[in-house]
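Survey of secondary and tertiary structure
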Amino acid sequence: MITIHGSPVSPFVRKTLVCLIEKGVDYDLNPISPFPAPESHLKISPLGKIPAMTDGDFALADSAAICGYIDRKHPEKPMFPTDVEDYGRALWFQIWADNELAKATAGLFFNRIAVRMMKREPDEAVIAKIISDVQPPIFNYIEAEIGDKEFLLGDQFSIADIAITCQFVQMMYSGEALPEASHPNITRYINTHTQRASFKGLINADPFMKIE
Ligand SMILES: N[C@@H](CCC(=O)N[C@@H](CS)C(=O)NCC(=O)O)C(=O)O
């Protein structure tokens, strides 16, 4: 049985859980916080970050590695496209979401909510700068990529849609609404994907917001 180690409130943990749920793979969750991670966690996650995964004696860290492993081990309902160019683009969108988009979205959650778990006060000046300076170029890029599409790649829900939606959920958890006026494509796209049973179930189990 696959066990995901990490709080489901993390966008990276959520990415692995959505993959498992979409594919219908049973899993256990060990909802540890990384602030700080228990000493034992370093054995399965060399950087001490969440998520990590164990599958019997096998351990793996990093959501991208874990999602790739899950998709290869359970090939039904693939989350990575088979077309080679779409596969390459899916990897790109996942890397971009985890690293760039996270600065504009999870960055808000970190600075407003997660800091409190580390017994620090939020710094609203940092948050204002993320909204005014960091978000616009990042949001403009993905607004144009989404266009009028439902899925970023072909007609298939993929790791690209999961990674991007996970990050915008984090922004909403921080108390910021989707950018409906400035970025209507992002808003429609995220509202569509958060209606999926996988996302909806996870979001409604977290304490930050409820969706109908
Ligand atoms: N690239 C990693 C990022 C994981 C990550 O940054 N997780 C955060 C929580 S959302 C964490 O564990 N932070 C603790 C730390 O940086 O020490 C992945 O995709 O798994």
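Up top is the structure these notes are about.
What counts, and at which threshold
Residues numbered from 1 in each chain as written. Predicted model: local features only at pLDDT ≥ 70, side-chain atom pairs only at ≥ 80, totals over all residues. Heavy atoms only, no water. Near = heavy atom within 4 Å. Polar contact = N/O pair within 3.5 Å; in protein donor to acceptor, adjacent residues only side chain to side chain. Areas by Shrake-Rupley, 256 points an atom, 1.4 Å probe, with all protein chains shown as cover. Buried < 20%, exposed > 50% of the residue type's maximum accessible area, 1.4 Å probe, protein only. Helix = DSSP H or I, 4+ residues; strand = E, 2+ residues; numbered from the N terminus. Contact = heavy atoms within 4.5 Å. Phe/Tyr/Trp six-rings, centres within 6.5 Å; stacked < 30°, edge-to-face > 60°. Core = buried A, V, L, I, M, F, W, Y, C linked by side-chain atoms within 4.5 Å. Domains from an automatic or database assignment.

1. Comments concerning the site of the ligand
Taken together, Ser10, Pro11, Phe12, Pro34, Phe35, Lys49, Ile50, Pro51, Asp62 and Ser63 form the complete shell of residues around the ligand. The separation between a nitrogen atom of the ligand and a polar side-chain atom of Asp62 is 2.9 Å. For the ligand, whose free accessible area comes to 510 Å², the fraction covered by protein is 72%.

2. Details of helix H7 (residues 184–193)
Taken as a whole, H7 has its buried residues at Ile186, Thr187, Tyr189, Ile190 and His193. Against helix H5 (124–146), helix H6 (159–173) and helix H8 (197–205) lie the buried residues of H7.

3. Here's the deal with the packing of aromatic side chains
On inspection of all chains with the given rule, the structure shows 9 aromatic pairs. Between Phe109 and Tyr173, the aromatic rings sit 6.5 Å apart at their centres with planes inclined by 55 degrees, giving tilted as the arrangement. Placement of the pair is Phe109 in helix H4 (residues 106–117) and Tyr173 in helix H6, with a sequence separation of 64 residues. Classification of Phe109 as buried rests on a relative accessible area of 7%. On the numbers, 5.2 Å between centres and 45 degrees between planes, the contact of Phe139 with Phe168 is tilted. Highlighted residues: Phe139 in helix H5 and Phe168 in helix H6, separated in sequence by 29 residues. When its relative accessible area of 2% is taken as the criterion, Phe139 is described as buried. Classification of Phe168 by relative accessible area gives buried; the value is 0%. The rings of Trp92, Trp96 and Tyr141 are connected pair by pair, giving a single aromatic cluster.

4. Details of the nonpolar core
Counting 56 residues, the largest nonpolar core has Leu152, Ile164 and Phe168 as its most contacted members. When residues of this core are assigned to domains, at least three map to each of domain 1 (2–73) and domain 2 (84–205). Residues within four places of Phe168 in sequence aside, it is in contact with Leu101, Thr105, Phe139, Leu178, Ile186 and Ile190.

All we've got here are geometric facts, nothing functional implied.
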